[in-house]
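Listed below are the residues making up each chain.
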Amino acid sequence: MTEGLFPDLKWHHVGFSVNDIKAAIEFYGDVFGMVVEDRKYIPPIDTHLVFLRRDDFRFEIFQKAGSTPVPAHRQAPNTDLAEQGTKHPCFSVGNCQRALDILHARPDVQIIGIIRKPGDPMIAEENPTLGPDDPRPPAAAFFFKDPCDLIVEIVDAQNFPT
């Protein structure tokens, strides 16, 4: 592997703009165990920001007065791909179906697409929870909308490279 132009390069953060920074702090703290690392208000641009951190992974979240909501086509994984740019954060877990069941039960989460076999397209399911005689395989990956309408992906660590 090449070091490129910057041999000391390390991951720092990814940024998101939301409509409710307090809801984002609570959600990402509760769901992913992220804690507030730094918080600021930038008066010249009327923007609040917070850095949330878990280990070496950070989200920089902004709440800007007068910002516009995420357009509908950016709130679904398949249609979001039609527009270039940053797409979504993704986390891997040891049991994707269990994560899907837990998040599906939350009132502040909307499951918007599931992959049951790697390589298959993302599809919406009315009830993603598997019953005892359910013929569907466990989820390999899924997308959900958080309380601020950002899309997030969860993948099963066994099915995707880490």
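Data block above holds the structure.
Here's a quick rundown of the structure. (Residues numbered from 1 in each chain as written. Predicted model: local features only at pLDDT ≥ 70, side-chain atom pairs only at ≥ 80, totals over all residues. Heavy atoms only, no water.)

**Section: unusual backbone geometry**
Most peptide bonds take the trans form, and the phi angle of most residues other than glycine is negative.
Next up, step 1: The phi dihedral of Asp46 is positive, around 45°, even though this residue is not glycine.
Next up, step 2: One can find Asp46 in the loop between strand 2 (35–42) and strand 3 (47–54).
Next up, step 3: Phi is positive for Asp55, which is not a glycine, with a value near 55°.
Next up, step 4: Looking at the element boundaries, Asp55 is found in the loop between strand 3 and strand 4 (57–64). (Helix = DSSP H or I, 4+ residues; strand = E, 2+ residues; numbered from the N terminus.)

**Considerations on the nonpolar core**
Next up, step 1: Among the nonpolar cores identified, the biggest contains 29 residues, and Tyr28, Phe59, Ile61, Phe142, Phe144 and Ile154 are the most heavily contacted of them.
Next up, step 2: For this core, the secondary-structure elements that each account for two or more residues are strand 1 (14–17), helix 1 (21–32), strand 3, strand 4, helix 3 (96–104), strand 6 (110–115), strand 7 (141–145) and strand 8 (151–156).
Next up, step 3: Once residues within four sequence positions are removed from consideration, Ile61 is found in contact with Phe16, Val18, Ile21, Ala24, Tyr28, His48, Leu49, Val50 and Leu52.
Next up, step 4: Counting eight residues, the second-largest nonpolar core is a separate cluster that includes Ile115, Met122, Ala140 and Val155. (Core = buried A, V, L, I, M, F, W, Y, C linked by side-chain atoms within 4.5 Å. Buried < 20%, exposed > 50% of the residue type's maximum accessible area, 1.4 Å probe, protein only. Contact = heavy atoms within 4.5 Å.)

**Some details on the sheet that holds strand 7**
Working definition: the strands of a sheet are paired by backbone hydrogen bonds and lie parallel or antiparallel to each other.
Next up, step 1: Ordered in space as 5-8-7-6, the four strands form an open sheet in which the pairing is mixed. Looking at the sheet topology across the chains shown, the edges are occupied by strand 5 (90–93) and strand 6. When the angles between neighbouring strand axes are averaged without regard to direction, this sheet yields 20°.
Next up, step 2: Sheet analysis places strand 5 next to strand 8, joined by four bridges and oriented parallel. Across the sheet, residue Phe91 finds its bridge partner in strand 8, namely Ile154.
Next up, step 3: Those strands touched by helix 1 are strand 5, strand 7 and strand 8, and its axis lies near 5° from that of strand 8.
Next up, step 4: Across the sheet, helix 3 lies against strand 5, strand 6, strand 7 and strand 8, angled at about 20° from strand 7, the strand it touches most. (Pairing = 2+ DSSP bridges. Axes fitted to C-alpha atoms, helices over the stretch in contact; angles between N-to-C directions.)

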